[in-house]
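The lines below spell out each chain.
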Amino acid sequence: AQTVTQSQPEMSVQEAETVTLSCTYDTSESDYYLFWYKQPPSRQMILVIRQEAYKQQNATENRFSVNFQKAAKSFSLKISDSQLGDAAMYFCAYRSAEESNFGNEKLTFGTGTRLTIIP
Amino acid sequence: AAGVIQSPRHLIKEKRETATLKCYPIPRHDTVYWYQQGPGQDPQFLISFYEKMQSDKGSIPDRFSAQQFSDYHSELNMSSLELGDSALYFCASSPIDGNTEAFFGQGTRLTVV
């Protein structure tokens, strides 16, 4: 079974600064996806960024980028130029992409990191 | 663009009652997932359906059952409710191409009193 670990229950950053959220995972699979989801106070689950394991290039979405280290099973999220609207709970998540799991692509989440933005 | 619709958004039930949560996936999405998120916890996978058949099962209590109908909407039925069932229940849907991430609904907040 796959596990996802987020070792930072809470993080804070000054507005306009950069912050990095950590995530490690454990799997025996070679083909998978990794995601970062944002959950603001509204509790909506919002996809921030995703990474395909077979791609060496780190994914980037505007101010959000990841540092994907497949050998180390590490997947950190960097938020640049932090804004007040970035305040939320951030979840790292894993999804299998193995053909044997076709139709069974559930997400396994980490325990989350609560990010606070300091004005 | 159409999103995943969940109803109701909020539900209050008494212990031992029954609740039914509904999920309407994005059009042309044939896979539906249900997750339970307790207070201060991460979402936990309950059950999923592909083409109206159960495709995977997680830590879903025997008191819960679910199905996917011919129009691809899904219902989660919860009986003999307990206080510990109070949680946010998410539905997510995805197409079966395997390359598209699941899209989440806004969730149903169930409170058992």
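To be clear, the structure that these remarks concern was listed above.
Residues numbered from 1 in each chain as written. Chains lettered and ligands numbered in written order. Predicted model: local features only at pLDDT ≥ 70, side-chain atom pairs only at ≥ 80, totals over all residues. Heavy atoms only, no water.

K.L.:
Explain the interface of chain B and chain A to me, and be specific about the residues and the numbers.
P.N.:
If you look at the interface, chain B gives 24 residues, while chain A gives 20 residues. Of all residues in chain B, B:Asp42, B:Glu101 and B:Phe104 give up the largest surface area on contact with chain A, accounting jointly for 25% of the area buried on that side. Along the contact surface separating chain B from chain A lie two salt bridges. Linking chain B with chain A are seven residue pairs in polar contact (both at pLDDT 80 or more), by the criterion used here. Among the secondary structure elements, those contributing two or more residues to the side of chain B that touches chain A are strand 4 (31-37), strand 5 (44-50), strand 6 (53-57) and strand 9 (87-94) of chain B. (Contact = heavy atoms within 4.5 Å. Buried area = accessible area lost by both parts, 1.4 Å probe. Salt bridge = Lys/Arg side-chain N within 4 Å of Asp/Glu carboxyl O. Polar contact = N/O pair within 3.5 Å; in protein donor to acceptor, adjacent residues only side chain to side chain. Helix = DSSP H or I, 4+ residues; strand = E, 2+ residues; numbered from the N terminus.)

K.L.:
Can you break down the sheet that holds strand 8 (residues 74-78) of chain B residue by residue, with the values?
P.N.:
Residues and elements named next belong to chain B. The strand order 1-3-8-7 describes an open sheet built from four strands, whose pairing is antiparallel. On the outer flanks of this sheet lie strand 1 (5-7) and strand 7 (64-68), each paired with one strand and no other. The sheet shows a mean angle of 15° between the axes of neighbouring strands, direction not considered. Where strand 7 and strand 8 come together, five bridges link them in antiparallel fashion. The partner of Ser65 across the bridge, within strand 8, is Asn77. (Pairing = 2+ DSSP bridges. Axes fitted to C-alpha atoms, helices over the stretch in contact; angles between N-to-C directions.)

K.L.:
Give me the pattern of salt bridges: which residues, what numbers.
P.N.:
Under the counting rule described, the total for this entry stands at 10 salt bridges over all chains. One salt bridge connects A:Lys106 with B:Asp56, and the closest N-O pair in it is separated by 2.9 Å. With A:Lys106 in the loop between strand 10 (88-96) and strand 11 (107-109) and B:Asp56 in strand 6, the pair connects residues from two separate chains. For A:Lys106, a relative accessible area of 30% translates into the label partly exposed. By relative accessible area, which is 15% here, B:Asp56 ends up buried. (Buried < 20%, exposed > 50% of the residue type's maximum accessible area, 1.4 Å probe, protein only.)

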